[in-house]
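# Descriptive analysis of the structure
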Amino acid sequence: MNRQELIKKIVSNSNSRLEFWINFINQLKLENICEIGVYKGDFAAEILKKCENINEYSMIDPWKHLDHWNKPANKDDETFNKFYDETIEKTNFAKEKRLILRGKTTEVIDKIPDKSLDFAYIDGDHTLKGITTDLIKVYPKIKDGGWIGGDDFSYNIWQHSPKFEPTLIFPFAVYFAEAISAKIFALPYNQFLIHKFSDGSSLVSG
């Protein structure tokens, strides 16, 4: 089954963003995963509960107020400390698998070895600066044949009204994939998926 057929099959069997990624990780038996933008840890907790193949789950998030980030998710440090504590509590059941990397992507990404990740999920700073930084920095960490997925792949750049910086996951992720000669898939639930292979080789049997 080639990658397009595989992704269509997973989409048809999924009724939400979370269900799609759980099915995707399980179908491909992905083991080493990174999430950029963990927030309160809900996504991480569900993935860790329902994807038994995971060996290591790296969580990247500053969990602090950022002076130059004009988005509604930018809270005060006290609130972010509570979010961090929530994340720890929600994922303690899998503490032997998790790697907490508290800091901005540029500060902590190199604690992950190059070509070690099967999959990275980006749901952090959705500004042009944020998605540019996250995609460029995480790409070398992905194995050949690995994947990068992400949230808020939306045509509407004014996701949070014009008083906040625009959300530019789209079109930047499209341009990034083109620049590295990779295939990008626009998925339901405003998700995207980039495959580090640019050919059409088979992924799974059956």
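Below or above, wherever it landed, is the structure these notes cover. (Residues numbered from 1 in each chain as written. Predicted model: local features only at pLDDT ≥ 70, side-chain atom pairs only at ≥ 80, totals over all residues. Heavy atoms only, no water.)

Take helix α3 (residues 42-50) next. Turning to α3, its buried residues number three or more, namely Phe 43, Ala 44, Ala 45, Ile 47 and Leu 48. Each element contacted by the buried residues of α3 is listed here: α2 (17-28), β1 (32-36), β2 (56-61), α4 (77-91) and β4 (117-122). (Buried < 20%, exposed > 50% of the residue type's maximum accessible area, 1.4 Å probe, protein only. Helix = DSSP H or I, 4+ residues; strand = E, 2+ residues; numbered from the N terminus. Contact = heavy atoms within 4.5 Å.)

As a further point, take the nonpolar core. Taken as a class, soluble globular proteins show a tendency for nonpolar side chains to be buried jointly. Residues Trp 21, Phe 24, Ile 25, Ile 47, Tyr 57, Phe 119 and Leu 193 are the most contacted members of the largest nonpolar core, which totals 30 residues. Within the residue set of this core, elements represented by two or more residues are α1 (3-12), α2, α3, β2, α4, β4 and β6 (183-187). With six residues, the top contributor of residues to this core is α2. If near-sequence neighbours (up to four positions away) are discounted, Trp 21 is found in contact with Phe 43, Ile 47, Phe 119, Tyr 121, Gly 149, Gly 150, Leu 187, Gln 191, Phe 192 and Leu 193. (Core = buried A, V, L, I, M, F, W, Y, C linked by side-chain atoms within 4.5 Å.)

Below, the discussion takes up a negative patch on the surface. There is a patch of like negative charges on the surface, built from Asp 67, Asp 76, Asp 77 and Glu 78. Here Asp 76 lies in the loop between β2 and α4. (Patch = residues over 30% accessible without salt bridge, like charges linked within 9 Å, V, L, I, M, F, W, Y side chains within 5 Å. Areas by Shrake-Rupley, 256 points an atom, 1.4 Å probe, with all protein chains shown as cover. Salt bridge = Lys/Arg side-chain N within 4 Å of Asp/Glu carboxyl O. Lys, Arg positive; Asp, Glu negative; His and termini not counted. Charge placed at Lys NZ, Arg CZ, Asp CG, Glu CD.)

Another aspect to go through is the sheet that holds β2. Spatial strand order, β3-β2-β1-β4-β5-β7-β6: seven strands in an open sheet with mixed pairing. Looking at which strands have only one partner, the edges of the open sheet turn out to be β3 (98-102) and β6. Direction aside, the axes of adjacent strands within the sheet are offset by 15° on average. Bridging between β4 and strand β5 (residues 142-150) involves five bridges; their strand directions are parallel. From the neighbouring strand, Ala 120 faces β5, where its bridge partner is Ile 148. Its contacts with the sheet place α3 against β1, β2 and β4, and it is angled at close to 175° to β2. (Pairing = 2+ DSSP bridges. Axes fitted to C-alpha atoms, helices over the stretch in contact; angles between N-to-C directions.)

By secondary structure assignment, the location of Arg 98 is in strand β3. Buried charge without a salt bridge: Arg 98, with Glu 96 as the nearest opposite-charge side chain at an N-O distance of 7.9 Å. A polar atom in the side chain of Arg 98 sits 3.0 Å from the backbone oxygen of Ile 88. Of the polar contacts made by the side chain of Arg 98, one reaches the side chain of Asn 92; its length is 2.8 Å. In this view, Arg 98 contacts Tyr 57, Met 59, Ile 88, Thr 91 and Asn 92; residues no more than four positions away in its chain are not counted. (Polar contact = N/O pair within 3.5 Å; in protein donor to acceptor, adjacent residues only side chain to side chain.)

This paragraph deals with a positive patch on the surface. Taken together, the side chains of Lys 64, Arg 102, Lys 104 and Lys 129 present a region of like positive charge at the surface. Within the secondary structure, Lys 104 is located in the loop between β3 and α5 (105-108).

A crossover links β4 with its parallel partner β5, the connecting element being helix α6 (residues 128-138), and its sense is right-handed. Of the pairings in the sheet, the one linking β5 to strand β7 (residues 191-195) comprises four bridges and is antiparallel in character. Within the sheet, the bridge partner assigned to Gly 149 lies in β7 and is Leu 193. (Right-handed = clockwise from strand over helix to strand, strands pointing away.)

Side-chain direction in a regular strand flips from residue to residue, so the side chains alternate between the two faces of the sheet. For β4, a buried count of six out of six residues is recorded, marking the element as mostly surrounded by other parts of the structure. Pairing of β1 with β4, which is carried by four bridges, proceeds in the parallel orientation. Bridge pairing in β4 places Ile 33 opposite Phe 119.

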